[in-house]
Every structure is written in structure tokens, then in C-alpha cells.
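Working through the structure, step by step
What follows is the residue order along each chain.
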Amino acid sequence: RTRTIRKYLVDHKISRNRMTCKGFGAIYMLYPEAMTSREMMLNRRVEVRMGGYSTPGKGIEFAKGTWEEVRAEAVKSNKYIMVDTYTDWCPPCKYLSKTVFPDPNVGAYFNPRFVSLKLDMETAAGKAFGEKYDVKGYPTLLFFNPAGELVSTAVGARNQLQLINLGKSVVELEKLRANYSSGNRDAEFLFTYMNALAETGNQPEQVLAEYKAALPKAHWY
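Now for a description of the structure that goes with this document.

Reading the values: rules and limits
- Residues numbered from 1 in each chain as written.
- Predicted model: local features only at pLDDT ≥ 70, side-chain atom pairs only at ≥ 80, totals over all residues.
- Heavy atoms only, no water.
- Helix = DSSP H or I, 4+ residues; strand = E, 2+ residues; numbered from the N terminus.
- Areas by Shrake-Rupley, 256 points an atom, 1.4 Å probe, with all protein chains shown as cover.
- Lys, Arg positive; Asp, Glu negative; His and termini not counted.
- Charge placed at Lys NZ, Arg CZ, Asp CG, Glu CD.
- Pairing = 2+ DSSP bridges.
- Axes fitted to C-alpha atoms, helices over the stretch in contact; angles between N-to-C directions.
- Contact = heavy atoms within 4.5 Å.
- Core = buried A, V, L, I, M, F, W, Y, C linked by side-chain atoms within 4.5 Å.
- Buried < 20%, exposed > 50% of the residue type's maximum accessible area, 1.4 Å probe, protein only.
- Disulfide = S-S within 2.5 Å.
- Parallel < 35°, antiparallel > 145°, perpendicular 65-115°, else oblique.
- Left-handed = near helix turned anticlockwise from the far one by under 90°.
- Nonpolar A, V, L, I, M, F, W, Y, C, P; charged D, E, K, R; others polar.
- Salt bridge = Lys/Arg side-chain N within 4 Å of Asp/Glu carboxyl O.
- Phe/Tyr/Trp six-rings, centres within 6.5 Å; stacked < 30°, edge-to-face > 60°.
- Lys NZ or Arg CZ within 6 Å of the ring centre and 35° of its normal.

1. Observations regarding the overall build of the chain
Along its length, the chain carries nine helices and four strands. Helices and strands in the chain line up, N terminus first, as α-α-α-β-α-α-β-α-β-β-α-α-α. The principal-axis extent of the C-alpha atoms belonging to the chain is close to 55 × 50 × 35 Å. In the form shown here, the chain has an accessible surface area of approximately 13400 Å², with 54% of it arising from carbon and sulfur atoms. Of the charged side chains in the chain, 31 are positive and 23 negative; the average position of the first set lies 9 Å away from that of the second.

2. Description of the sheet that holds strand β1 (residues 80-86)
Taking strand neighbours across the sheet as the criterion, the four strands line up as β2-β1-β3-β4 in an open arrangement whose pairing is mixed. Looking at which strands have only one partner, the edges of the open sheet turn out to be β2 (114-120) and β4 (150-155). Between one strand axis and the next, the sheet turns through 15° on average, direction left out of account. When β1 meets β2, the two strands line up parallel, connected through seven bridges. Bridge pairing in β2 links Ile81 to Val115. On top of the sheet, helix α7 (residues 160-181) reaches β1, β2, β3 (140-144) and β4; it is set at about 160° to β4, its chief contact.

3. Notes on the nonpolar core
Met82, Phe110, Phe114, Phe143 and Leu163 are the most contacted members of the largest nonpolar core, which has 20 residues in total. The set of elements that each furnish at least two residues to this core consists of β1, α4 (91-100), α5 (104-110), β3, β4 and α7. Beyond its immediate chain neighbours, meaning those up to four positions away, Met82 contacts Ile60, Phe62, Phe101, Phe110, Phe114, Val115, Ser116, Leu117, Leu142, Phe143 and Leu163.

4. As for the state of the cysteines
Inspection of the entire model under this criterion finds one disulfide. A sulfur-sulfur distance of 2.5 Å marks the disulfide that ties Cys90 to Cys93. A torsion of 80° about the S-S bond marks the disulfide between Cys90 and Cys93 as right-handed. With relative accessibility at 2%, the residue Cys90 sits in the buried group.

5. What about the packing of α7 against helix α8 (residues 187-199)?
Look at α7 against α8: their axes get within 8 Å of each other, and the N-to-C directions meet at 125°. In terms of orientation, α7 lies oblique with respect to α8. Considering only the axes of α7 and α8, their crossing is left-handed. Every residue of α8 that contacts α7 at Gln162, Asn165, Leu166, Ser169, Leu173, Leu176, Arg177, Asn179 and Tyr180 is listed here: Phe189, Leu190, Thr192, Tyr193, Ala196, Leu197 and Glu199. Residues that form the contact of α7 with α8 fall into these classes: nine nonpolar, five polar and two charged.

6. Notes on the pattern of salt bridges
Taken as a whole and judged by the stated rule, the model has seven salt bridges. A salt bridge links Glu47 to Arg45, with the nearest nitrogen and oxygen atoms 2.9 Å apart. Note that Glu172 and Lys175 form a salt bridge whose closest N and O atoms lie 3.8 Å from each other. Remark: Lys175 and Glu172 occur in helix α7; sequence separation between them is three residues, near one turn of the helix. Take Lys175: its relative accessible area is 55%, and that puts it in the exposed class.

7. Some points on the packing of aromatic side chains
Scanning all chains against the criterion turns up 15 aromatic pairs. Where Trp67 meets Tyr133, the ring centres are 6.3 Å apart and the plane angle is 80°; that geometry is what we call edge-to-face. Of this pair, Trp67 sits in helix α3 (residues 67-77) while Tyr133 sits in the loop between α6 (124-132) and β3, placing them 66 residues apart in sequence. Grouping residues by exposure puts Trp67 and Tyr133 together as buried. Ring geometry for Tyr109 versus Phe110: centroids 5.7 Å apart, planes at 85°, classification edge-to-face. Its relative accessible area of 0% is what places Phe110 among the buried residues. Taken together, the aromatic side chains of Tyr80, Tyr109, Phe110, Phe114 and Phe143 make up a single cluster linked through ring pairs. The ring centre of Tyr86 lies 4.7 Å from the NZ or CZ of Lys118, which sits over that ring. Above the face of the Tyr180 ring, Arg185 is positioned so that its terminal group lies 3.8 Å from the ring centre.

As C-alpha cells, this is what we get:
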């Protein structure tokens, strides 16, 4: 699949030396446990990364400052915020830090869009933050919009693709909410919105009911 697309680009005067292609098999599936034909179809895809999208080899670059400094930077740069609340004794926290956060694909998505911060929850600053935002388990990832408003709380570790998809859901959620508020009740839109809500730790029951209402009964399975 990727070779076919590279051949097309080469045939249209893009130098072969400017491109690399790689197949990942089942590593980065959008739906690792696909249950429907639609999900299986979406797993079969090609992603094109353009030059300048990321710095090769870099994972997530975490800010060194305080929470207040990170909020100020997010407002200035119009970026979202991700806060990783962790402890040194937590195995899933170590998995995120050693395996997921350093992944260049994860960094490629998060660095241009998020100001990221790690908070040790056994420090004074971490405890104060945890009390304010009701952090009860580790790791907990908290996502804020550029205005510093909490939009999502995700408890537990994710693998690389799951974290990227979570970040995408956070970024798209406000756009989807605005679209929903404007009255859009198209079944495909509701499906997307429902999954974004669930992915970001929000309750999708109302949207699920409207999705079922918009879906022809022949498609209920």
C-alpha cells in the first residue's frame, strides 16, 4: 500500500530520494480490537508525514517550568496542555516515561500542539495540583485547552497509538462540541463525536442515544 503511493508520487515528479515508506503491520492500528467492518477498513490506511511535521527521533519534549509557567506558555503559543501526573514507584508511569513518551511518532504529534509537563505527585506542587484537579490514580493525564480550562482526564497508561489518538480527540473535541451545539445530528458525525467523548473520559450516553435514533435499524448490529 505504501509502495503504491510512493510510486504514484514518483510518477508525478516527486524525487524518490525525498521519501521513505514503511509498513507497520498491526503495530499502529486505530482499532486494535476491531469489532466491525468499518473499524477493520479504517485500520487499513496510509499516513503521509510531510517535511517539517517533526524532528526525527524526538519524543515528547516536557517543559521544565512550573504549572503557572506552562499555562502562560500555552496562552502565548495557543497550544493545548498535557500534564502527566506520576509517582516514581508506579509501574504504568514508568512504562509511559520509558516507552511511550520517547517515541518519535508520539513526539511528532504532541510537540507542535501541546505544552507538556510532568508532575511528581509526591512533591508539594504535585499534591496541590492533585487536590485541585481531583487526581486519584496514577498515571493520570490531564488535558487543558489553550485558555487553561480542563477538557479531559485520562486515568491509566496508553500505548503509543492510543496516546496519539487521545491527543487528537482532545484537540478535535471543542470543534465537535461546537458542531453538535449548532444542531448537527448526522449519524456519521454523531459516531465521531461519541467516540471522541468516550476517548477523552467524558460521558457519551446522550450522544449514543441520538446516534441510535439517527441510524437506520438495518444498521443496528
